[in-house]
Amino acid sequence: MEFITVEAQYAPYVALIRLNRPKELNALNLQLMGELRDALKALDADDTVRTIVLTGNERAFAAGADIKQMAGKTAIDMLTVDQFSTWDQIKKTKKPLIAAVSGFALGGGCELSMTCDMIVASETAQFGQPEIKIGVMPGAGGTQRLTRAIGKARAMEMVLTGKFISAEEAERFGLVNKVVPVEVYLEEAVKLASTIAQMSPIASQLAKEAVNRSYETHLDEGLHFERKNFYLLFASEDQTEGMNAFVEKRAPEFKGK
Ligand code: HXC
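Residues numbered from 1 in each chain as written. Predicted model: local features only at pLDDT ≥ 70, side-chain atom pairs only at ≥ 80, totals over all residues. Heavy atoms only, no water.

## Let's talk about the environment of Leu112
Of note, Leu112 is situated in helix H5 (residues 108–115). Residues Leu112 and Leu28, spaced 84 residues apart in sequence, show a C-alpha to C-alpha distance of 9.5 Å. (Helix = DSSP H or I, 4+ residues; strand = E, 2+ residues; numbered from the N terminus.)

## What to know about the sheet that holds strand S8 (residues 126–128)
The strand order across the open sheet built from 4 strands is S4-S6-S8-S9, with neighbouring strands paired in mixed fashion. The open sheet is flanked by strand S4 (60–62) and strand S9 (165–166), the only strands paired with a single partner. As paired elements, S8 and S9 share 2 bridges and run antiparallel to each other. Note on S9: the bridge partner recorded for Phe127 is Ile165. Relative to strand S6 (residues 104–106), H5 is tilted by about 90°, and along the sheet it contacts S4, S6 and S8. (Pairing = 2+ DSSP bridges. Contact = heavy atoms within 4.5 Å. Axes fitted to C-alpha atoms, helices over the stretch in contact; angles between N-to-C directions.)

## Some words on empty space enclosed by the protein
Taken as a whole and assessed by the stated rule, the structure comprises 1 cavity of 30 Å³ or more. Counted as a void, the largest cavity has a volume near 100 Å³. Lining the largest cavity we find Leu28, Asn29, Leu30, Ala65, Asp66, Gln69, Met70, Lys73, Met78, Val81 and Gln83. Secondary-structure elements contributing two or more residues to the lining of the largest cavity are helix H2 (67–70) and helix H3 (75–81). (1 Å grid on protein atoms, 1.4 Å probe; cavity = no way out; pocket = protein on both sides within 12 Å on 5 of 7 lines; lining within 4 Å. Points joined across faces, edges and corners; volume = space filled by probe spheres on them.)

## Points about the layout of surface pockets
Each pocket or cavity is described by its volume, and for the largest pocket that value is around 1200 Å³. Along the wall of the largest pocket there are 39 residues; nearest its centre are Thr115, Cys116, Asp117, Asn212 and Tyr215. Elements supplying a minimum of two residues to the lining of the largest pocket: helix H4 (84–91), H5, strand S7 (118–122), helix H6 (142–150) and helix H10 (201–213). Here the element with the most residues in the lining of the largest pocket is H10; it accounts for 10 residues. Grouping the amino acids of the lining of the largest pocket by side-chain chemistry returns 18 nonpolar, 10 polar and 11 charged. Within this model, the second largest pocket holds a volume of roughly 640 Å³. What lines the second largest pocket is a set of 28 residues, and nearest its centre among them are Ala65, Met70, Met78, Val136 and Met137. Contributions of two or more residues to the lining of the second largest pocket are made by H2, H3, H4 and H5. Class assignment of the residues belonging to the lining of the second largest pocket gives a composition of 18 nonpolar, 5 polar and 5 charged. (Nonpolar A, V, L, I, M, F, W, Y, C, P; charged D, E, K, R; others polar.)

## As for the sheet that holds strand S1 (residues 4–11)
In spatial order, the strands read S1-S2-S3-S5-S7-S10; together these 6 strands make up an open sheet with mixed pairing. What marks the edges here is a single partner per strand, and that holds for S1 and strand S10 (178–180). The sheet shows a mean angle of 20° between the axes of neighbouring strands, direction not considered. Pairing between strand S5 (residues 97–101) and S7: 4 bridges, direction parallel. Residue pairing in the sheet places Val101 in a bridge with Ala121 of S7. Its contacts with the sheet place helix H9 (residues 185–197) against S1, strand S2 (14–19), strand S3 (51–55), S5, S7 and S10, and it is angled at close to 165° to S3.

## Details of the nonpolar core
Grouped together as the largest cluster of nonpolar side chains are 43 residues, with contacts concentrated most on Ile17, Leu19, Leu36, Leu54, Leu112, Phe127 and Leu175. In contact with Leu175, not counting residues within four places along its chain, are Met114, Ile119, Phe127, Leu146, Ala149, Ile150, Ile165 and Ala170. Membership of the second largest hydrophobic core comes to 16 residues, among which are Val14, Leu16, Ile98 and Val182. (Core = buried A, V, L, I, M, F, W, Y, C linked by side-chain atoms within 4.5 Å. Buried < 20%, exposed > 50% of the residue type's maximum accessible area, 1.4 Å probe, protein only.)

## Some thoughts on the site of the ligand
Not every one of the 25 residues close to the ligand is listed here, only the nearest: Arg59, Ala63, Ala65, Ile67 and Gly108. With respect to the ligand, the backbone of Ala65 contributes an N or O atom lying 2.8 Å from an oxygen atom. In this structure, Lys68 approaches the ligand through a side-chain N or O atom, which is 3.0 Å from an oxygen atom. When the ligand sits alone it has 1000 Å² of accessible area, and the protein chains cover 66% of it. Looking at the shell around the ligand, the elements with two or more residues in it are H2, H4, S6 and H5. Here the shell around the ligand gets 3 residues from one element, more than from any other, and that element is H2. (Near = heavy atom within 4 Å. Polar contact = N/O pair within 3.5 Å; in protein donor to acceptor, adjacent residues only side chain to side chain. Areas by Shrake-Rupley, 256 points an atom, 1.4 Å probe, with all protein chains shown as cover.)

Structural measurements only, silent on function.
This is how it looks when you write it as structure tokens:
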């Protein structure tokens, strides 16, 4: 891995991936995105990992797709490279994925943070879809996820003017879960990941899948999907353990079985 680092046991059951192209503000070139896809796939298959935190550095989560890599490309180059199949794979990550964002989260960087399940932001974080300023538009979900997260009027303004919003605005608009001082944003994200990692990993994966389904279907079908996952959890040892522990007034010990 050249452009990311991976610590599978950053905290008990919590993995940490850092985007690591600091000089380029973590601009997301094709290699970096491929490495991220591969790392997430490996962590998804690792039983010792239950939750994943994705971060950059204090100055930038990621300042977007690599403009220098895209500058000379034709539409057919972009089509044949098919970079979005990598993004589709990332979206399929089963384990809860938390973005810890400080500094710039712009363009593809903002889109990557929104591809995660939750966002913990530092007070210095700035979110934006500035593609319009370089003659294009969001391509990795920005027009869809941002609109669902913060509403049409605000998303339209960001996408059409390229203006950034602050962490405080992002929290108020419902884009991020929490804003904390820059010194502790990673720690807070890991704390959130650790809380989730104490739950049954089967339950958290099926619950994540069901919440995400709400974006992709109408209510009746979503409720049906939720119910199937709910029933399925009664086939897990963790369900027996969780309910017995409650009845016996003790802490549950989930095994992911
Ligand atoms: C390539 C980038 C980059 C990017 C920054 N850099 N963003 N390189 N692609 N997206 C490089 C700069 O060229 C510079 O390299 C170094 O990082 C530091 O950046 P500066 O501009 O000197 O820093 P600063 O003045 O602090 O400005 C920070 C910034 C600005 C406001 C974030 O860099 C900026 O506007 N970046 C582009 C943001 C953007 O338009 N993102 C959307 C991209 S399109 P050198 O070598 O000069 O020192 C997109 C499409 C997504 O994301 C859809 C497909 C996935």
